[in-house]
Amino acid sequence: MIVTKLKSLEEIYDMIKPYSNVLIAGCDGCCQPPRGIHEANNLGKMLKLKKMVDGEKFDYKATTVLRQCDDKIAATALRSLVDDYDAIISMACGIGVQILTKVFPEKLTFPAQNTMFNGAADHEKNSYVEYCNQCGDCLLGITGGICPVAGCAKSLMNGPCGGQIDGKCEVGDYKIDCAWVNIYKRLKKLGRLDLFEKYRPKRDYRLMTSPSFIDFLELDEIEEEINEKEAKA
Amino acid sequence: MSDDRVYSDLMRELKQGNFVITGELEPEVTTDIDPTVKEAVAMKPYVTAANVTDNPKATVCLSSLAGSFLTQQKSGLEIVYQLTTRDMNRMALGAAVLGAGSLGLKNILALTGDHHQTGNMPGAKPVYDYDSTHLIKLIREMVDNRSIEGIKFDDEAPDLKLHVGGAANPNTAMWGMGPEIMHIRRKAAAGVEFLQTQVVYDIEVAAQFLKEVKDKTNVPVLLGIFPMKGYGIAKGFDEFVPGVSVPKDLLSRFKEVKKGNWPNKKAKKDAYRKINIEFFTPMLKELKKRGLVAGCHIMAVHYPKIFPPLVEALGLSPKE
């Protein structure tokens, strides 16, 4: 899931200052913590109160979209509403904001959130944890399923560095686990320290260069290959 | 690597099996290299080489390449140019290594470097395009194959004559050195030629770690020690340097000196010096006797006066 953080009310307020009639669109997709209709309504109430204090008129409509990052779903959900409002506030991740911009180019869409990372909830720690840095060259097969790109503050390929003390990282005041020590422990337990000791070459940053595009057809290659092989068989 | 090529005094002495001493120099936030040169001149008779640090503790300082070159040129002391992968990508690192060769530097210590978030520019972009092992491999390629990532040097270019070292952390023996030892084995396979360790105070911790390094690699190790100029530094080091603690009895001896009635500053300084000598000399002699260290890396930054008595106590003579 994509982990997000709400911007401060002041920042959102400043962005929408010129507008008095705003559509607030939540997202029921992978955005975490949830930012659906309930959160959209809460944001609307907060903005309205602040506008009232400033003696300004403000109307809003709160709604939500199954997945803002899907242009067809977003268009279907919001098209009938958009014309009635001066601007849109998106409570999705940065993808959602940009898809609404693309689908409704005649309006400005403002982000209510900062997009933080790809992660998941850790209920023991009561927090969201980053799991994937989208490096384009997944290493989990040689690191015991623990990602050093997302899990190591230096994203090292050959760790641990000298900055770990008793398995804790120098970044974050020795409270966060050193990914490389965890990788070592796990591979040791599984009898695969050969994987740990092996030199891992430098990364190819072309795989992480933005902007990135992948042709739809590329993703279908494997299916084509299966079809071909099955036909031959 | 591990052939007979010797480009530096440091490597020559290591190969000859001499007990090698290196020092450490930290240029400050300044354009003036003279204080560093002065310190280098003071330690020169007692060390084989000295490291010039690269934005140590992730705090911005005069560039280590400029500092290394100017210090070596002005003091005549051989320098170990510290180069971290924290602030440069592979292109900048390759260029810096070529630059080091062109400036007559003979040793590089390849480091990952403390993270920006631990230093004084915490919002800086962490580079880490390479890690220390990648940098060791790059330097080996440049020295051994005359190329950078496969890009050939000019035909007319002279060979790059550099030795490459790496870091090691003996304190991991206190909590589990398995991953560190394997990391060192990777560096050894990549072609590292010497190791300088982080500061360690406990002889048995050091011995345990060094034995493992010796059993698992063939790389000579210079043990990192930190002689302390006074009680304040000792206490600060104990409190604020994570993962290393100054032994309690050593700390209380420093405290006694601070509290003592001394006829003058010199007497007090002599007392501090005496404690350092009495603590570190037997430790180093013992590890040397056990054949576990090739020498020591004395991180006595801004404390060059410790070198003459320490070197004498170790039974070594000043250089000509």
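Everything quoted here is computed from the prediction, not taken from an experiment. (Residues numbered from 1 in each chain as written. Chains lettered and ligands numbered in written order. Predicted model: local features only at pLDDT ≥ 70, side-chain atom pairs only at ≥ 80, totals over all residues. Heavy atoms only, no water.)

A. Seen up close, the overall build of chain A. Along its length, chain A carries nine helices and 10 strands. In terms of overall dimensions, chain A is more spread out than a globule: its C-alpha atoms have a radius of gyration of 23 Å, far above the 17 Å expected for 233 residues. Dimensions of chain A along its principal axes, counting C-alpha atoms only, are 65 × 60 × 30 Å. Residues classed as buried in chain A amount to 39% of the 233 residues present. Working note: accessible area of chain A is about 13,600 Å², and carbon and sulfur atoms make up 55% of it. (Helix = DSSP H or I, 4+ residues; strand = E, 2+ residues; numbered from the N terminus. Rg over C-alpha atoms; globule rule 2.2 N^0.38 Å. Buried < 20%, exposed > 50% of the residue type's maximum accessible area, 1.4 Å probe, protein only. Areas by Shrake-Rupley, 256 points an atom, 1.4 Å probe, with all protein chains shown as cover.)

B. Quick look at the overall build of chain B. When its secondary structure is counted, chain B shows 11 helices and 10 strands. Compactness check: chain B gives a C-alpha radius of gyration of 19 Å against a globular reference of 20 Å for 320 residues, within 12% of the reference. Taken over the C-alpha atoms alone, chain B extends approximately 65 × 45 × 45 Å along its principal axes. Here chain B, with 320 residues, has 54% of them falling under the buried criterion. Surface exposure of chain B reaches about 13,900 Å², of which carbon and sulfur atoms provide 53%.

C. Fine view of the pattern of salt bridges. All names here are of chain B. Counting across every chain of the model gives 35 salt bridges over all chains. A salt bridge links arginine 140 to glutamate 193; the nearest nitrogen and oxygen atoms lie 3.0 Å apart. Highlighted residues: arginine 140 in helix 5 (residues 132-145) and glutamate 193 in the loop between helix 6 (178-190) and strand 8 (194-199), separated in sequence by 53 residues. Within the structure, one salt-bridge network assembled from shared partners comprises Arg5, Arg140, Asp144 and Glu193. (Salt bridge = Lys/Arg side-chain N within 4 Å of Asp/Glu carboxyl O.)

D. Region of interest: helix 6 of chain B. The terminal C-alpha atoms of helix 6 of chain B lie 19 Å apart, and with 13 residues this matches the ideal 18 Å at 1.5 Å per residue to within 8%. Of all 13 residues that make up helix 6 of chain B, 10 are buried, and the element is covered over most of its length. Of the positions making up helix 6 of chain B, those classed as buried are Pro179, Glu180, Ile181, Met182, His183, Ile184, Arg186, Lys187, Ala188 and Ala190 of chain B. On its buried side, helix 6 of chain B packs onto helix 6 (179-189) and helix 7 (193-197) of chain A together with helix 5, strand 7 (163-168), strand 8 and helix 7 (203-216) of chain B. At the exit of helix 6 of chain B stands glycine 191 of chain B, carrying a positive phi of roughly 110°. (Expected span 1.5 Å × (residues − 1). Contact = heavy atoms within 4.5 Å.)

E. Inspection of the sheet that holds strand 3 (residues 31-32) of chain A at higher detail. Residues and elements named next belong to chain A. In spatial order, the strands read 3-1-7-8; together these four strands make up an open sheet with mixed pairing. In the strand order of this sheet, the two ends are held by strand 3 and strand 8 (127-132), each with one partner. Two strands pair when backbone bridges link them, and strand 7 (residues 113-122) and strand 8 are joined in this way by five bridges, in the antiparallel orientation. Considered in strand 8, the bridge of asparagine 118 is made with cysteine 132. (Pairing = 2+ DSSP bridges.)

F. Spotlight on the confidence of the model for chain B. Looking at chain B as a whole, its pLDDT mean stands at 96, while 99% of the residues score no less than 70. Predicted complex metrics record ipTM = 0.94 and pTM = 0.95. (pLDDT = per-residue confidence, 0-100.)

G. Quick peek at the interface of chain B and chain A. In this assembly, 28 residues from chain B lie in contact with 27 residues from chain A. Summed over both partners, the interface of chain B with chain A buries about 2,400 Å², with 60% contributed by carbon and sulfur atoms. Contact with chain A buries area across many residues of chain B, yet Trp175, Met182 and Arg186 of chain B alone supply 26% of it, more than any other trio. Across the chain B-chain A interface, the total number found is two salt bridges. Two residues, lysine 202 of chain A and glutamate 149 of chain B, come together in a salt bridge whose shortest N-O distance is 3.3 Å. Here chain B and chain A share 17 residue pairs in polar contact (both at pLDDT 80 or more) between them. (Buried area = accessible area lost by both parts, 1.4 Å probe. Polar contact = N/O pair within 3.5 Å; in protein donor to acceptor, adjacent residues only side chain to side chain.)

H. Representation of the nonpolar core. One finds Ile21, Tyr201, Leu223, Leu287 and Phe307 of chain B to be the most contacted residues of the largest nonpolar core, which totals 87 residues. Ranked by residues supplied to this core, first place goes to helix 10 (residues 265-289) of chain B with nine residues. Core analysis: the next-biggest nonpolar cluster, separate from the first, contains 16 residues, Ile12, Leu43, Leu47 and Ile89 of chain A among them. (Core = buried A, V, L, I, M, F, W, Y, C linked by side-chain atoms within 4.5 Å.)

I. Spatial organisation of the packing of aromatic side chains. One pass over the full model with this rule turns up 10 aromatic pairs over all chains. Residues tryptophan 180 of chain A and phenylalanine 196 of chain A carry aromatic rings whose centres are separated by 5.9 Å and whose planes lie at 75° to one another, so their mutual orientation is edge-to-face. Remark: phenylalanine 196 of chain A occurs in helix 7 and tryptophan 180 of chain A occurs in helix 6; sequence separation between them is 16 residues. Given the relative accessible area of 1%, tryptophan 180 of chain A is considered buried. Geometrically, the ring pair formed by phenylalanine 226 of chain B and phenylalanine 237 of chain B is stacked, given 4.6 Å between the ring centres and 25° between the ring planes. In this pair, phenylalanine 226 of chain B sits in the loop between strand 9 (221-225) and helix 8 (231-240) while phenylalanine 237 of chain B sits in helix 8, placing the two residues 11 residues apart along the sequence. Residue phenylalanine 226 of chain B is classed as buried on the basis of its relative accessible area of 15%. Here a set of aromatic residues connected by ring pairs shows up, and it is made of Tyr201, Phe226, Phe237, Phe279 and Phe280 of chain B. The cationic tip of lysine 50 of chain A hangs over the ring face of tyrosine 13 of chain A; the distance from NZ or CZ to the ring centre is 4.9 Å. (Phe/Tyr/Trp six-rings, centres within 6.5 Å; stacked < 30°, edge-to-face > 60°. Lys NZ or Arg CZ within 6 Å of the ring centre and 35° of its normal.)

J. Quick peek at a negative patch on the surface. All names here are of chain A. A surface patch of negative charge is lined by Asp215, Glu218, Asp220, Glu221, Glu223, Glu224 and Glu228. At four residues, helix 9 (residues 221-232) tops the list of elements feeding residues into the negative patch. Here glutamate 224 is to be found in helix 9. (Patch = residues over 30% accessible without salt bridge, like charges linked within 9 Å, V, L, I, M, F, W, Y side chains within 5 Å. Lys, Arg positive; Asp, Glu negative; His and termini not counted. Charge placed at Lys NZ, Arg CZ, Asp CG, Glu CD.)

K. Structural context of the domain arrangement of chain A. Partitioning chain A into structural domains gives domain 1 (2-116) and domain 2 (137-202). Taking only C-alpha atoms, the centre of domain 1 of chain A and the centre of domain 2 of chain A are 39 Å apart. (Domains from an automatic or database assignment.)

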